[in-house]
Amino acid sequence: NLGFPDPNSDYLQQLVLSLHGQYGHGLPFSHSSSRGWFWDVRPQPETLEHRAISETMGHFPWHTDSCYETEPARFFALHVLQHDRFGGGTLSLLSVDLLLRSIPSSAKLALSKPEFRLAVPIEFRKGEQNAIIGNLLSMDGTYTRLRFREDIVTPLSARADAAFHELLHSLAQQKTTNVQHLRSEALPQGSIILLDNGR
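Described below are features of the structure shown in this document. None of these values were measured; they are calculated from a predicted model.

## Looking at the overall build of the chain
And step 1. Scanning the chain for helices and strands turns up four helices and nine strands.
And step 2. Put simply, the chain runs from its N terminus to its C terminus through helices and strands in the order α-β-β-α-α-β-β-β-β-β-α-β-β.
And step 3. Of all 199 residues assigned to the chain, the portion counted as buried reaches 35%.
And step 4. In the chain, 68% of the contacts between residues at least 6 apart in sequence involve partners at least 24 apart.
And step 5. With an accessible surface of roughly 12,000 Å², the chain has 52% of that area assigned to carbon and sulfur atoms.

Here you go:
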């Protein structure tokens, strides 16, 4: 927790620049047309115009950030400028290693093949690209990484479809036992959390 007001997320920006400068983590890619690296999660009442999920009061599906990118973000950070005052605002986390424990090796292999279409949500489109073809699992050294968001993934083969359903089944099982829920009292105003996105 920062312990001081930082409405422009200057501390987080300096942290990212420092990680890049000292450890070569790379710089984030721009999400927002107005804030660059930063994507504001500011739920608003429903309107007729298209809005990102994070800008509505609707349910936010399980996902890894930027899973629709050719190279999904390695890390993501959340800076709580104002905690949710209406009983929501829960950040739920699940270890990919725990998620994959009950999935057969053959399904993991299928999930690692580029046999999935991932639609790029309208709010994140850059130019004309509205989808990518890729894998859902990859190995990064000794770690298995996942890219996932159920509502934008379409398996492109029978093997991919069966593996995707294995993944969904495992997720349904794990959601009841191995999920860490960080509610607004655990992440009060001024909190920053930095996570490995694919893990």
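## What to know about the sheet that holds strand E4 (residues 131-134)
And step 1. The strand order across the open sheet formed by three strands is E4-E3-E7, and the pairing between neighbours is antiparallel. The open sheet is flanked by E4 and strand E7 (153-155), the only strands paired with a single partner. Neighbour to neighbour, the strand axes of the sheet diverge by 25 degrees on average, direction disregarded.
And step 2. Bridge count between strand E3 (residues 116-119) and E7: three bridges; the pairing is antiparallel. Among the inter-strand pairings, Leu118 is bridged to a residue of E7, identified as Val153.
And step 3. Along the sheet, helix H4 (residues 158-174) makes contact with E3 and E7, crossing E7 at roughly 130 degrees.

## Considering H4
And step 1. End to end, H4 covers 24 Å across 17 residues, agreeing with the expected 24 Å (1.5 Å per residue, within 8%).
And step 2. Tucked inside the fold, the buried residues of H4 contact helix H2 (96-100), helix H3 (105-111), E3, strand E6 (143-146) and E7.

## Examining the pattern of salt bridges
And step 1. Under the counting rule described, the total for this entry stands at four salt bridges.
And step 2. Note that Asp196 and Arg74 form a salt bridge whose closest N and O atoms lie 3.6 Å from each other. Remark: Arg74 occurs in the loop between helix H1 (10-23) and strand E1 (75-79) and Asp196 occurs in strand E9 (residues 192-196); sequence separation between them is 122 residues.
And step 3. By sharing partners, the salt bridges in this structure join Arg74, Arg145 and Asp196 into a single network.

## Structural notes on the nonpolar core
And step 1. Counting 28 residues, the largest nonpolar core has Phe116, Leu136, Leu146, Phe164 and Leu167 as its most contacted members.
And step 2. Listing elements by their share of this core, those giving two or more residues are H2, H3, E3 and H4.
And step 3. With six residues, the single largest contributor to this core is H4.
And step 4. With seven residues, the next largest nonpolar core counts Val80, Leu91, Leu182 and Leu195 among its residues.

Criteria and cut-off values
- Residues numbered from 1 in each chain as written.
- Predicted model: local features only at pLDDT ≥ 70, side-chain atom pairs only at ≥ 80, totals over all residues.
- Heavy atoms only, no water.
- Helix = DSSP H or I, 4+ residues; strand = E, 2+ residues; numbered from the N terminus.
- Buried < 20%, exposed > 50% of the residue type's maximum accessible area, 1.4 Å probe, protein only.
- Contact = heavy atoms within 4.5 Å.
- Areas by Shrake-Rupley, 256 points an atom, 1.4 Å probe, with all protein chains shown as cover.
- Pairing = 2+ DSSP bridges.
- Axes fitted to C-alpha atoms, helices over the stretch in contact; angles between N-to-C directions.
- Expected span 1.5 Å × (residues − 1).
- Salt bridge = Lys/Arg side-chain N within 4 Å of Asp/Glu carboxyl O.
- Core = buried A, V, L, I, M, F, W, Y, C linked by side-chain atoms within 4.5 Å.

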